[in-house]
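Structure assessment
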Amino acid sequence: MKGNDYAEVLLKKALELTRLLDIKALVVIGIELKKPPKVDIPILLVGRETSRQHNLKTLPLPLSMGTKNLVNLASSFMIAEGIIKEGETFIYVTPSTLGIRKAKKAVEVEDEFFSQIEHIFQEVLELAIELSLEGREGKPIGTIFVIGDTKNVIKHSHQMVPNPFKGYKINIFDKGSKEIIKEFAFLDGAFVISKSGRVLCAGRYLDIDFKKVSVNIPSGLGSRHLAAAGISKVTKAIAITVSESGIVRVFKDGKIIFEYNPRLH
Ligand SMILES: Nc1ncnc2c1ncn2[C@@H]1O[C@H](COP(=O)(O)OP(=O)(O)OP(=O)(O)O)[C@@H](O)[C@H]1O
């Protein structure tokens, strides 16, 4: 049996179970649907390239986050969206597994996290996870990605080194662009990326005056994380950091809305 066939069989079984048991939602992870499944309960699609599938509710997140994390996030998302209540049962299906879970809120994620999830966010999060796992030349690497509200982000920052992306139209959605971006992740400072995915600069120092700007992050975090929190406070941008310790964090309005350590999964 091919991988696709397994997915089809598992999906069929999941649909059967939704009819037999008191299941309140179906979560389909990383499976491309040929047609929308015929069930009376809400369906949530999770994974890459899912957003335009049959007008179903979607949660575009990198599949590299692993099933356990994706199921936890799907569970929190459905509660936040009112699709399912805490304690109710949902079923999830991936190309290789099928499971039944009670919905509960994963503690480490704030509801605002879900309103940020768009394709650009998914791409950058995936890149951050890859950087955390791969490092560069065998060494761990840390960086900041600032996404959106570029006019204000530029206003609140300056180049630390000549901008390697100046004059080039590199878009994070283009094939091969992630490898180019990774090549420059060794530079001190931040990447600035527009909502449409264009990488405007790397090596950008974020100028935040912490006498005027207050952020709400744990005291153990250093200047990279303070700067990311600060830029997300003074602009409408979201910031994604990769810490040298491997932890990936997402900042919005001066606080962490999501934290994830790819090296532990
Ligand atoms: N204001 C800033 N704007 C952009 N980058 C910054 C800023 N402040 C610090 N950085 C970057 O963060 C790097 C690491 O700084 P520091 O060790 O204090 O941060 P940290 O939050 O502890 O990060 P890590 O967990 O990766 O060590 C610096 O070398 C620099 O590249």
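Residues numbered from 1 in each chain as written. Predicted model: local features only at pLDDT ≥ 70, side-chain atom pairs only at ≥ 80, totals over all residues. Heavy atoms only, no water.

A closer look at the nonpolar core
Leu61, Phe113, Phe145 and Ile240 are the most contacted members of the largest nonpolar core, which has 53 residues in total. Here this core takes eight residues from helix 4 (residues 119-134), the largest share from any one element. When residues of this core are assigned to domains, at least three map to each of domain 1 (3-106) and domain 2 (112-264). What Phe113 contacts, discounting residues up to four positions off in sequence, is Leu61, Leu73, Phe121, Val250, Ile257 and Phe258. Membership of the second largest hydrophobic core comes to 19 residues, among which are Val146, Ile208, Ile217 and Phe251. (Core = buried A, V, L, I, M, F, W, Y, C linked by side-chain atoms within 4.5 Å. Buried < 20%, exposed > 50% of the residue type's maximum accessible area, 1.4 Å probe, protein only. Helix = DSSP H or I, 4+ residues; strand = E, 2+ residues; numbered from the N terminus. Domains from an automatic or database assignment. Contact = heavy atoms within 4.5 Å.)

A few points about the environment of Ile193
Relative to the helices and strands, Ile193 is located in strand 8 (residues 190-193). Residue classification places Ile193 among the buried residues on the basis of a relative accessible area of 0%. For the pair Ile193 and Ile147, spaced 46 residues apart in the sequence, the C-alpha separation amounts to 4.9 Å. If near-sequence neighbours (up to four positions away) are discounted, Ile193 is found in contact with Ile120, Val124, Phe145, Val146, Ile147, Gly148, Thr150, Ile172, Arg198 and Val199.

Quick notes on helix 7 (residues 223-234)
Its 12 residues place the ends of helix 7 16 Å apart at the C-alpha level, agreeing with the 16 Å of an ideal helix rising 1.5 Å per residue. Among the residues of helix 7, His225, Ala227, Ala228, Ala229, Gly230, Ile231 and Ser232 are the ones counted as buried. Those residues of helix 7 that are buried are in contact with strand 6 (143-147), helix 5 (150-155), strand 9 (199-206), strand 10 (238-242), strand 11 (248-252) and strand 12 (255-260). (Expected span 1.5 Å × (residues − 1).)

Here's the deal with the sheet that holds strand 10
Pairing is mixed in the open sheet, where seven strands are placed in the order 7-9-8-6-10-11-12. Among the strands making up the open sheet, the edge pair consists of strand 7 (157-159) and strand 12. In this sheet, neighbouring strand axes are inclined to one another by 30° on average, regardless of whether the strands run parallel or antiparallel. Pairing geometry for strand 10 and strand 11, over four bridges, is antiparallel. Bridge pairing in strand 11 links Val242 to Val248. (Pairing = 2+ DSSP bridges. Axes fitted to C-alpha atoms, helices over the stretch in contact; angles between N-to-C directions.)

As for the pattern of salt bridges
Inspection of every chain in the model, using the stated rule, returns 17 salt bridges. Lys24 is the partner of Asp22 in a salt bridge, and the nearest nitrogen-oxygen pair spans 2.9 Å. The class for Lys24 is partly exposed, based on a relative accessible area of 30%. In this structure, Lys178 and Glu123 form a salt bridge, with 2.8 Å as the shortest nitrogen-oxygen distance. (Salt bridge = Lys/Arg side-chain N within 4 Å of Asp/Glu carboxyl O.)

Quick look at the UniProt feature "domain: DAC" (unreviewed entry) in the protein chain
Here, the residues flagged by UniProt with the feature "domain: DAC" (unreviewed entry) are residues 110-262. As annotated, residues 110-262 comprises 29% helix and 24% strand, and the C-alpha atoms at either end are separated by 19 Å. (UniProt positions renumbered as here; feature names shortened; annotations may be inferred.)

Quick word on unusual backbone geometry
Phi is positive for Glu137, which is not a glycine, with a value near 50°. Along the chain, Glu137 falls in the loop between helix 4 and strand 6. Among the residues examined, Glu137 registers a relative accessible area of 67% and is labelled exposed. Of note in the backbone geometry, Asp149 takes a positive phi value of approximately 45° without being a glycine.

Concerning the packing of aromatic side chains
All told, the structure shown has eight aromatic pairs when counted by the stated rule. Between Phe113 and Phe121, the aromatic rings sit 5.5 Å apart at their centres with planes inclined by 75°, giving edge-to-face as the arrangement. With relative accessibility at 1%, the residue Phe121 sits in the buried group. (Phe/Tyr/Trp six-rings, centres within 6.5 Å; stacked < 30°, edge-to-face > 60°.)

Regarding the site of the ligand
Taken together, 13 residues sit near the ligand, with Asp188, Ser223, His225, Ser243 and Glu244 positioned nearest. In this structure, an oxygen atom belonging to the ligand sits 3.2 Å away from a main-chain N or O atom of Gly189. Between the ligand and Ser223 there is a distance of 2.6 Å, counted from an oxygen atom to a side-chain nitrogen or oxygen. The protein chains hide 74% of the 630 Å² of surface that the ligand would expose on its own. Of all the elements in the fold, those that place two or more residues in the shell around the ligand are strand 9 and helix 7. Ranked by residues supplied to the shell around the ligand, first place goes to helix 7 with four residues. A class-by-class count of the residues in the shell around the ligand yields four nonpolar, five polar and four charged. (Near = heavy atom within 4 Å. Polar contact = N/O pair within 3.5 Å; in protein donor to acceptor, adjacent residues only side chain to side chain. Areas by Shrake-Rupley, 256 points an atom, 1.4 Å probe, with all protein chains shown as cover. Nonpolar A, V, L, I, M, F, W, Y, C, P; charged D, E, K, R; others polar.)

Concerning helix 4
Relative to the 22 Å expected for 16 residues at 1.5 Å per residue, helix 4 spans 22 Å between its end C-alpha atoms, a close match to the ideal helical length. Judged by how many residues are buried, helix 4 sits mostly within the fold: 12 of 16 residues are covered. Listing the buried residues of helix 4 in full gives Ile120, Phe121, Gln122, Glu123, Val124, Leu125, Glu126, Leu127, Ala128, Ile129, Leu131 and Ser132. Directly beyond the C-terminal end of helix 4, a positive phi value near 60° is found at Gly135.

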